[in-house]
Protein chains: 4
Amino acid sequence: MGGPEGLFEPVFISDAMAPITSAANWVRKMVDFECALAGVQGELRIIPIEAAHEISQLSRSFQIDPTFLGVAARITASPVIALVAGLGDRLSESARPWIHYGATSQDVLDTATILVVKEALELIFYDLEKVGTALAELTERYRHTPMVARTLLQHALPTTFGLKAANWLGGLTSAGAVLESTYSEDLAIQFGGAAGTLAALGELGSGVGIRLAKVLGLEFPSMPWQSQRIRVAKLGSALSITVGSLAKIAVDIALASQAEVSEVCEVQEFGGGGSSALPQKVNPVGPVVVNACFRRVQGLLPILVGCIVAENERGAGEWPAEWETLRDLLNLTGTSVERSLHTLSNLKVNEDRMRENLDISRGNVMSERVLTSLSEFMGRAEAHQLVRRATQRSRENRTSLYEELLHEEKFCDSFTVDQAQELFDPLTYLGSAQVFIDNALADWLKARTRWRKIFG
Amino acid sequence: MGGPEGLFEPVFISDAMAPITSAANWVRKMVDFECALAGVQGELRIIPIEAAHEISQLSRSFQIDPTFLGVAARITASPVIALVAGLGDRLSESARPWIHYGATSQDVLDTATILVVKEALELIFYDLEKVGTALAELTERYRHTPMVARTLLQHALPTTFGLKAANWLGGLTSAGAVLESTYSEDLAIQFGGAAGTLAALGELGSGVGIRLAKVLGLEFPSMPWQSQRIRVAKLGSALSITVGSLAKIAVDIALASQAEVSEVCEVQEFGGGGSSALPQKVNPVGPVVVNACFRRVQGLLPILVGCIVAENERGAGEWPAEWETLRDLLNLTGTSVERSLHTLSNLKVNEDRMRENLDISRGNVMSERVLTSLSEFMGRAEAHQLVRRATQRSRENRTSLYEELLHEEKFCDSFTVDQAQELFDPLTYLGSAQVFIDNALADWLKARTRWRKIFG
Amino acid sequence: MGGPEGLFEPVFISDAMAPITSAANWVRKMVDFECALAGVQGELRIIPIEAAHEISQLSRSFQIDPTFLGVAARITASPVIALVAGLGDRLSESARPWIHYGATSQDVLDTATILVVKEALELIFYDLEKVGTALAELTERYRHTPMVARTLLQHALPTTFGLKAANWLGGLTSAGAVLESTYSEDLAIQFGGAAGTLAALGELGSGVGIRLAKVLGLEFPSMPWQSQRIRVAKLGSALSITVGSLAKIAVDIALASQAEVSEVCEVQEFGGGGSSALPQKVNPVGPVVVNACFRRVQGLLPILVGCIVAENERGAGEWPAEWETLRDLLNLTGTSVERSLHTLSNLKVNEDRMRENLDISRGNVMSERVLTSLSEFMGRAEAHQLVRRATQRSRENRTSLYEELLHEEKFCDSFTVDQAQELFDPLTYLGSAQVFIDNALADWLKARTRWRKIFG
Amino acid sequence: MGGPEGLFEPVFISDAMAPITSAANWVRKMVDFECALAGVQGELRIIPIEAAHEISQLSRSFQIDPTFLGVAARITASPVIALVAGLGDRLSESARPWIHYGATSQDVLDTATILVVKEALELIFYDLEKVGTALAELTERYRHTPMVARTLLQHALPTTFGLKAANWLGGLTSAGAVLESTYSEDLAIQFGGAAGTLAALGELGSGVGIRLAKVLGLEFPSMPWQSQRIRVAKLGSALSITVGSLAKIAVDIALASQAEVSEVCEVQEFGGGGSSALPQKVNPVGPVVVNACFRRVQGLLPILVGCIVAENERGAGEWPAEWETLRDLLNLTGTSVERSLHTLSNLKVNEDRMRENLDISRGNVMSERVLTSLSEFMGRAEAHQLVRRATQRSRENRTSLYEELLHEEKFCDSFTVDQAQELFDPLTYLGSAQVFIDNALADWLKARTRWRKIFG
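## Thoughts on the pairing of strand β2 (residues 154–160) of chain C
By the criterion of burial, β2(C) is predominantly enclosed, with 7 of the 7 residues buried. The hairpin turn running from strand β1 (residues 146–151) of chain C into β2(C), its antiparallel successor, is 2 residues long, and C:L152 in that turn takes a positive phi close to 50°.

## Considerations on the packing of helix α11 (residues 285–306) of chain D against helix α12 (residues 318–345) of chain D
Residues and elements named next belong to chain D. It is the contact of α11 with α12, at a shortest axis distance of 9 Å, that shows an interaxial angle of 155°. Taken as axis vectors, α11 and α12 run roughly antiparallel relative to one another. Here the hand of the crossing between α11 and α12 comes out left-handed. Of the residues in α12, those in contact with V285, G286, P287, V289, V290, C293, R296, V297, L300, I303 and L304 of α11 are A321, E322, T325, L326, D328, L329, L332, T335, S336, R339, S340 and T343.

## Overview of the interface of chain C and chain A
Between chain C and chain A, the residue contacts involve 87 residues of the former and 87 residues of the latter. Roughly 7200 Å² of surface becomes buried between chain C and chain A when both sides are summed, with 64% attributable to carbon and sulfur atoms. Salt-bridge contacts for A:K164 lead to C:E313; the nearest nitrogen and oxygen are separated by 3.2 Å. Linking chain C with chain A are 30 residue pairs in polar contact (both at pLDDT 80 or more). At the level of elements, β1, β2, α8 (161–186), α9 (205–216), α10 (230–256), α11 (285–306), α14 (367–375) and α19 (433–455) of chain C are the ones that each hand at least two residues to the side of chain C that touches chain A. Take the side of chain C that touches chain A: its biggest share by element is 13 residues, from α10(C). When grouped by side-chain class, the residues that make up the side of chain C that touches chain A number 45 nonpolar, 29 polar and 13 charged.

## Concerning the confidence of the model for chain A
Low-pLDDT stretches of the model should not have their predicted coordinates read in fine detail. For chain A, the mean per-residue pLDDT works out to 94, and 98% of the residues sit at or above 70. Reported confidences for the modelled complex are a pTM of 0.97 and an ipTM of 0.96.

## Description of the interface of chain B and chain D
Listed per partner, the contact involves 87 residues of chain B and 87 residues of chain D. Buried surface at the junction of chain B and chain D, summed over both partners, amounts to about 7100 Å²; 64% is from carbon and sulfur atoms. Of all residues in chain B, B:N312, B:R380 and B:F436 bury the most surface against chain D, accounting for 9% of the area lost on that side. Linking chain B with chain D are 30 residue pairs in polar contact (both at pLDDT 80 or more), by the criterion used here. Elements with a contribution of two residues or more to the side of chain B that touches chain D: β1 (146–151), β2 (154–160), α8 (161–186), α9 (205–216), α10 (230–256), α11 (285–306), α14 (367–375) and α19 (433–455) of chain B. Ranked by the residues each element gives to the side of chain B that touches chain D, the list is headed by α10(B), at 13 residues. For the side of chain B that touches chain D, a count of residues per class yields 45 nonpolar, 29 polar and 13 charged.

## Looking at the packing of helix α7 (residues 105–141) of chain C against α19(C)
Residue and element names in this part refer to chain C. Contact pair α7 / α19: the axes reach a minimum separation of 11 Å and the direction vectors enclose 155°. By the angle between their axes, α7 is roughly antiparallel relative to α19. Once α7 is placed against α19, the crossing between them reads as left-handed. For the pair α7 and α19, contact is made by E122, F125, L128, E129, G132, T133, A136, T139 and E140 and by I437, L441, W444, R448, W451, R452 and F455, respectively. Among the residues forming the contact of α7 with α19, the class breakdown is 8 nonpolar, 3 polar and 5 charged.

## Some details on the relation of the copies chain C and chain A
Aligned on chain A, chain C shows an RMSD of 0.1 Å; the corresponding rotation is 180° and the shift along the axis is 0.0 Å. What we have between these two chains is a two-fold relation. A shared binding surface is used by both copies, with 100% of the interface residues of chain C retained as interface residues in chain A.

## Quick notes on helix α15 (residues 380–397) of chain D
All names here are of chain D. With 18 residues, α15 extends 25 Å from end C-alpha to end C-alpha; this agrees with the ideal 26 Å at 1.5 Å per step. For α15, the complete set of buried residues consists of R380, A383, H384, L386, V387, R388, A390, T391 and S394. Lining the buried residues of α15 we find α14 (367–375), α16 (401–406) and α17 (409–414). Taken from the residues just after α15, R398 is the one with a positive phi, measuring 55°.

## Some remarks on the packing of aromatic side chains
Tallied over the entire structure, the rule returns 60 aromatic pairs over all chains. Look at B:F161 and B:W168: their rings are 5.9 Å apart centre to centre, the planes differ by 85°, and that puts the pair in the edge-to-face class. Taking the ring centre of A:F12 as reference, the NZ or CZ of A:R296 above it sits at 4.7 Å.

## Some thoughts on a negative patch on the surface
A surface patch of like charges, here negative, comprises A:E5, A:D65, B:E5 and B:D65. Relative to the assigned elements, A:D65 resides in the loop between α4 (49–61) and α5 (66–73). Its relative accessible area of 45% is what places A:D65 among the partly exposed residues.

Conventions we followed
Residues numbered from 1 in each chain as written. Chains lettered and ligands numbered in written order. Predicted model: local features only at pLDDT ≥ 70, side-chain atom pairs only at ≥ 80, totals over all residues. Heavy atoms only, no water. Buried < 20%, exposed > 50% of the residue type's maximum accessible area, 1.4 Å probe, protein only. Helix = DSSP H or I, 4+ residues; strand = E, 2+ residues; numbered from the N terminus. Pairing = 2+ DSSP bridges. Axes fitted to C-alpha atoms, helices over the stretch in contact; angles between N-to-C directions. Parallel < 35°, antiparallel > 145°, perpendicular 65-115°, else oblique. Left-handed = near helix turned anticlockwise from the far one by under 90°. Contact = heavy atoms within 4.5 Å. Buried area = accessible area lost by both parts, 1.4 Å probe. Salt bridge = Lys/Arg side-chain N within 4 Å of Asp/Glu carboxyl O. Polar contact = N/O pair within 3.5 Å; in protein donor to acceptor, adjacent residues only side chain to side chain. Nonpolar A, V, L, I, M, F, W, Y, C, P; charged D, E, K, R; others polar. pLDDT = per-residue confidence, 0-100. Least-squares fit on C-alpha atoms with pLDDT ≥ 70 in both. Expected span 1.5 Å × (residues − 1). Phe/Tyr/Trp six-rings, centres within 6.5 Å; stacked < 30°, edge-to-face > 60°. Lys NZ or Arg CZ within 6 Å of the ring centre and 35° of its normal. Patch = residues over 30% accessible without salt bridge, like charges linked within 9 Å, V, L, I, M, F, W, Y side chains within 5 Å. Areas by Shrake-Rupley, 256 points an atom, 1.4 Å probe, with all protein chains shown as cover. Lys, Arg positive; Asp, Glu negative; His and termini not counted. Charge placed at Lys NZ, Arg CZ, Asp CG, Glu CD.

Rendered as structure tokens:
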């Protein structure tokens, strides 16, 4: 199957995701549902075995234009009715009554959606593991590379690039755990019949459901979820959080790629990141796309959460609102993971520049250490004022903090020259950075092991 | 051009809107921009007249697969670069340097978007006027048809169905005015060159822009809006409010279509509103779809509003986040208007049932009138308690409010029998309903006159 | 401590939640953090034991006006700086340097927030268990009470009120599981110092953190989460889903309380649900409030999710955006649970009316059964058309479906009179309703057992 | 009246806005409504003139604890009922029946809300005009100050700081126009009685409404808007767009304040922008707060838009969802304007640094000009490749673009040395910057003139 079509779609739908979230695949899953249902009902002698057999065969050969179903859906707000009719047309008269037996539209489409979601999540985890591995490598490789930590976009203190990457990795591990739990808990068939009772199947309904779930490789839920949409909202939330964890990385990289900062750069093939007007441009295209994905995801999530209120036994509007919203979320997540992987795999790290930037505050980035050390000799408030005064003069005079502190009698009284200079060495002021790095790596390894077990 | 493609799209993209918001049309508008730009630059002798002529010709013949541009956009986050290259390929060597002269990607795509928006809004207003006309007819026809007004889903007081329709009409008039003002004020070209200065055109930039806007039938804005996205947010807001005004109607109709209420019904062709399982079903499909559209629209709006913060001279992610979001909003609005028109044009109104429902509270719906009248004879608080007591007994005993009031001495002392019975006639308790109906109709006529002037 | 103050607040903040989410409690938790930190640092001989002792004492006696901190926060975007200054003022000169030692604003406020969240979740679960119990009782009591199932606001098939309640219960059990997992996994201290390295504590930082977490009764996270906000987004998502599961119940109850439906009613004390104008009104106030809460929650959630992109080591704006948003979410959730409990505990169920409503479609609600049975004698498509035709005539002629079917030769040929009449008995067409009810009850019992273990 | 109270509130509610959006003011406006209503009804002899007089007096003396009303609202979902009772308690027996005569809760609270909104908008415009003036000054003063334009966070082309400020100003002018139109069009009383018919006033209802609107200084709408909430959604949208236009400025300033960029700085009083841990910190507190406000606003807007679907004659949940949402939006907007004013009034602009940053790309920022000039000598595509090649080498070798171009034969053939050097002068490559600046200033002056007329 081909890639995404359209002017905008290819930016937001990856080639790997396109066949999964395509209309064709969604239809195929709907057909799979109908065939599996007939198969199970045949086995259980609920419908004639020959009819079951004939229906099951359709899953191999049946072709129908999704657009035909989509257009038909306009008059019923469901694409399933035309599908059932279309399937019926291929059947002998004796088999025809037994297709879709005891089921309702929502059984078919919701279960198909879950089958699509399953494939999509598997693809997402396949790439997510690679993103994790790339982050773990950055964490290890740069665990001792000093750089400046920035809070509120201002220089704060020294950190290491490895810790920054570990923080990204931690975010991914956490987000992945949320997504993993929705994969493990929420991928269940929908099977309730027209009103959630499976009335048409008499007492055999839940027995059919249990077999059906097994055949389709999904869970059988405690009850139909046609108007109990928490699993869809959970899924939306897990996808959003996943994209968020990647967008956080994207934003950090875009900021670190600014000309004046230049600490990292997404290396691109010739032409990549280019502009129609500016030949010098090497735009951080990956981060830009991931950022765009996240902006969209934030808007899509509340749509799904809002659909939880689907009233009575099926809501008058919530269900169709979910369809494209969830599909878009899957696509945007797939794209975010793929683009993040590309960016991280092609990230050029400029350690020299990190070191230079750490120094541009002329020692002010070490002021906390000065403050803490000074606090032992005077009140913390007094020390805070002394150091703040010195940093202010340092900013105004473009002098180093050290020079300005030398004008403060109390500072000179408190430290020897050696002690004073030691205060300004960033490499000895990194606290628990290595512990946190180790923790992040350990968490990641545990997650990866789990994922490999789950996703093979 | 054909209708929308896909399994879900046809429900949310009308056949009339599909060719407007299609990738093909968007590309055509981009080509139109490039051709118009060259034309203007030729006229002003900024580029060779022959090159201008050659480029202008492309608008007739140029064909390019939108997907090709979309795929190319993956590496630059803009589909324009490949378009310019593609256009260049069709040109002679001497004309080639002069295509896209002085422009940037965003000039092309943003202006194309505005051209698409213009066509889409014209279609929307075309249908919106018909919706307004249908509502005005309902208002007139049923201006004296009594029914119960409901607040918090409970019976409140008598009203008329005409006033209900007038209220819908008033919403549409208000929403239309918002949309109309965005049509009149915000449809401007984007033309700023790579950084919003039109640098490559020296001093001639704004002159080119003024001509270019004229040729394209758009406004020339005071300055480029590449990172000043308020017009897109305004548009999003106007579309959302429009869909909201229609969804309000949809929700009211869906509620009035409940079996137990049965005051209105969307008459459907055979099969319309059907279910895959339930042959008796006549679902309110139009309202269901409009409701679904509005649920989606509410999520899309904040995406566009959020993009206002596009930083510096072009944001790193906001722009691509707008593309499909705005397109989806246009489609969802178009569908909402079209479906609402269908529903209102096929609305069967059951006046008898409205009258029956007005009576099912056994007079309790007139309790305010009783209270008001009684208040003149005692304190309002006391009257409130007396009437509340009677309504409570009436509910418990399933008796009429009138009967219960007869057990209240103070009530009997205050009114003659005739007076007391008059209190329970809903037709004489409609206050200013007719005034409000007249106002709504007058507002609508003014709006329609304006629209006809604007949209021809 | 008192209840909520203000004109609007009391509707959205319960008396039980008010003291938890109050400014005073938030400040108390911040003080608790500072005291516990000093205590641990004293134990570990990082700061002088006397200073630690003196600081620890503050937690008992320290009083500060939250508004004073709030006003001070205007110039630093953090209420912590003034708090530390205020605490310092109460200390002797020798203890003063050791307050807030090695910590940063975010450590204090984020940890305080988690302590508040912990108390809030405990209250929420306390009430949620009661809601679950009330739902389980409704499920049991009405498990065999027939009523009509409604899809797209239209009559669909018979169900039982017990199954409807089981569906509500299932939603609550699922939502509760999400909330429970955030309670178990995400309640960790924030402790990273100014840039997430705990630099000021040298190598002792994570040791301090582990002890500190223990003292405060929270987890120690793998790394500081000052710019890794997934746990806040997860919490927001869990709260939103919880409110959603309650709003679904609220919407169903409000619809079932309509005068024309009258299947349930929220019994209210005298005056409850009243109107300033209409003495007869008994508005479904509880459902109205829960619905309002959910509308607000849907808007608040994406704010928290959006804050995941907090850039670098602390974002420039995301953090303060979380403060009131999360507080409001806690309050809205608390209110939703409390109001739902009240509504369910005072729900009057009208079984007669349920039965009457089931019959108002004159047998049409059984059309699926007729269709299914007929399908065995002809093609399903043909059967569908036959039944649909009959239902349409039944609607037009206001006759029973049974009567109309008697005009269809093929129907009469297929069934004896007894068989035909049996088709219209709703009580024998409830499928797996009892199985689903049993499942929902079993899930609930498991959840309740877990909750009792977790929350004592 | 005092400032905002609480731990978080003062950051998000300004001292000037606090008394306007306070519960006390809201209650006062409700009382004003009741008094004005009685006054008008007295004049028109609908109620006894003495009662009218007595009621009108209440507006001077009546004091009631808003919290008392809020708590009472829990049982009716409206704070008006207790207010009316409270007012009644102060009246003589003969006047008591005539308070709130013919009105409903929503009339009182909605009209009070509009009165609060009016005051809030007036304050917002008062500050907004000052923000505009500050921006106009920046635009004028720095209209020729060269700096680098940045797109996708990368250096693009030269611009001037004046144009950047003009762009900010243009955003503010546009946003202000949206807000202005909501001020002019939407501030109408709500007056419909219990169901939007003014039934209790017989034929006199709309006459009372017209007078009442006049007395309260508001418009009289064509019909009651109790379930037609577009004006609230429009207001929300206008406020959001206004905050967005300010947040765009905030983000730009925060980015330009980065240590590595240092082009602007929010000058702060001693202590402003400080950190609890880092004495050197001068955080861009104003921009941080405005950014936080915008993040919240984006979530609040869709709540209000969603409430458009309030069903029937009053929705079951939409109305209370609006209350605090709108109040928060007003507060967040007020804060955004006030903080932006402070930031812009204290903005230190570093022209030297702007010039230095313009040069750090070693001429690459001029590559478009080189490309455009070269294109006249070869195909644009070829020129693009040549220049892109040179920029790439320049990046790798850290050489100037000029040097690298000298290695390109075709470049050397095309230009003399003087011509070639001229290509790299940013001051002669600013296109229409001055035109756009003039336009922005002219638009602003027009807006300011309008505002002064409207707001005195």
